[in-house]
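Okay, here's what each chain looks like letter by letter:
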Amino acid sequence: KNEVEQSPQNLTAQEGEFITINCSYSVGISALHWLQQHPGGGIVSLFMLSSGKKKHGRLIATINIQEKHSSLHITASHPRDSAVYICAVTPEETSGSRLTFGEGTQLTVNP
Amino acid sequence: DTGVSQDPRHKITKRGQNVTFRCDPISEHNRLYWYRQTLGQGPEFLTYFQNEAQLEKSRLLSDRFSAERPKGSFSTLEIQRTEQGDSAMYLCASSSGQGRKEKLFFGSGTQLSVL
């Protein structure tokens, strides 16, 4: 079993829909990251959080430390949101900010 | 562009050849990470430098892999005697923090294909 599990693996939505991607982890963590990866490989950090909730534009990330669970929400989704969304954690017992990644969620938003 | 730069973007090689990739982090960043990503999977940690010191290596990093960061700036990742299983995207990331809660900045990766 992976230390970081994401669901769903694939998600197709219509433009304007509210989207939720879930992440569960099984280890103690210092921080949890949500990242976006577009075709061609480039990864962009969306959020880093260790408690509560963060919002940036149409993106909202929440974390429940007790339940070891995080969600990424996209409001009013748009075709340009189509990408792979990856959850990653910094385990407590690790050097630096080494990340352990989930397998990603492929999001496709149709016009 | 002052982001993380990786070179080359793509590399095709024959099995048994040696390859070397380069990563130029954001200039003031003291930490540098190498990850490997295969199709449909999340990245996996390979190794990590703080300045010029290599502080951690994954079990994934066999004896055929070596990484350096000689002056605490750019880093190189060399794979000797490449195998088809080495085909993957090799990602570099850098950060400027001292603790464990820090944002990482990723390069666009080097896509390696071993024929």
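As a reminder, the structure under discussion sits directly above these lines.
Residues numbered from 1 in each chain as written. Chains lettered and ligands numbered in written order. Predicted model: local features only at pLDDT ≥ 70, side-chain atom pairs only at ≥ 80, totals over all residues. Heavy atoms only, no water.

Moving on, we come to the pairing of strand β4 (residues 29-37) of chain A. All names here are of chain A. In terms of burial, β4 is a largely internal element, nine of the nine residues being buried. As defined by bridge partners, β4 adjoins strand β9 (residues 83-91) across eight bridges and the pair is classed as antiparallel. Paired with Ile-29 across the bridge in β9 is Pro-91. Judged from the six bridges that link them, β4 and strand β5 (residues 43-49) form a sheet pairing that is antiparallel. Note that in β5 the partner of Gln-36 across the bridge is Val-44. As consecutive antiparallel partners, β4 and β5 are separated by five residues, and within that stretch Gly-40 has a phi angle of approximately 100°, a positive value. (Buried < 20%, exposed > 50% of the residue type's maximum accessible area, 1.4 Å probe, protein only. Helix = DSSP H or I, 4+ residues; strand = E, 2+ residues; numbered from the N terminus. Pairing = 2+ DSSP bridges.)

We now examine the pattern of salt bridges. Summed over the entire model, instances satisfying the criterion amount to six salt bridges over all chains. Where Glu56(B) meets Arg98(A), a salt bridge forms, and the shortest distance between an N and an O atom there is 3.0 Å. Separated into two different chains, Glu56(B) in strand β6 (residues 53-57) and Arg98(A) in the loop between β9 and β10 (100-101) make up a pair that spans both. Judged by its relative accessible area of 17%, Arg98(A) falls in the buried class. Arg31(B) is paired through a salt bridge with Glu102(B); the nearest N and O atoms lie 2.8 Å apart. Here Arg31(B) is found in strand β4 (residues 31-37), whereas its partner Glu102(B) is found in the loop between β9 (88-95) and β10 (105-106), with 71 residues between them in sequence. For the pair shown, Arg31(B) and Glu102(B) are each scored as buried. Ionic contacts of the salt-bridge type, sharing partners, join the residues Arg64(B), Glu83(B) and Asp86(B) into one network. (Salt bridge = Lys/Arg side-chain N within 4 Å of Asp/Glu carboxyl O.)

Roughly 630 Å³ of internal volume is contained in the largest pocket. Every residue lining the largest pocket is counted, 23 residues in all, and those nearest its centre are Glu3(A), Arg98(A), Thr100(A), Glu44(B) and Phe45(B). For the lining of the largest pocket, the residue count by class is eight nonpolar, eight polar and seven charged. One number sums up the size of the second largest pocket: a volume of about 420 Å³. Looking at the lining of the second largest pocket residue by residue, the class counts come to five nonpolar, 14 polar and one charged. (1 Å grid on protein atoms, 1.4 Å probe; cavity = no way out; pocket = protein on both sides within 12 Å on 5 of 7 lines; lining within 4 Å. Points joined across faces, edges and corners; volume = space filled by probe spheres on them. Nonpolar A, V, L, I, M, F, W, Y, C, P; charged D, E, K, R; others polar.)

The next point concerns the interface of chain B and chain A. For interface size, the figure often reported is the accessible area lost on association. Residue-level contacts link 23 residues of chain B with 25 residues of chain A. For the pairing of chain B and chain A, the buried interface totals around 1,900 Å² over both sides, and the portion due to carbon and sulfur atoms is 53%. Our count for the contact surface shared by chain B and chain A stands at one salt bridge. Put simply, chain B and chain A have three residue pairs in polar contact (both at pLDDT 80 or more) between them. Listed by contribution, the elements that provide at least two residues to the side of chain B that touches chain A are β4, β5 (44-50) and β9 of chain B. When residues of the side of chain B that touches chain A are assigned to their parent elements, the largest contribution, four residues, is made by β4(B). Residues belonging to the side of chain B that touches chain A are distributed by class as follows: nine nonpolar, seven polar and seven charged. (Contact = heavy atoms within 4.5 Å. Buried area = accessible area lost by both parts, 1.4 Å probe. Polar contact = N/O pair within 3.5 Å; in protein donor to acceptor, adjacent residues only side chain to side chain.)

With that settled, the discussion passes to the environment of Ser50(A). The topology assignment puts Ser50(A) in the loop between β5 and β6 (52-56). With residues up to four places along the chain from it excluded, the contact list for Ser50(A) reads Ser30(A), Ala31(A), Ile63(A), Ile65(A) and Lys101(B).

Nothing here speaks to function; it is all geometry.
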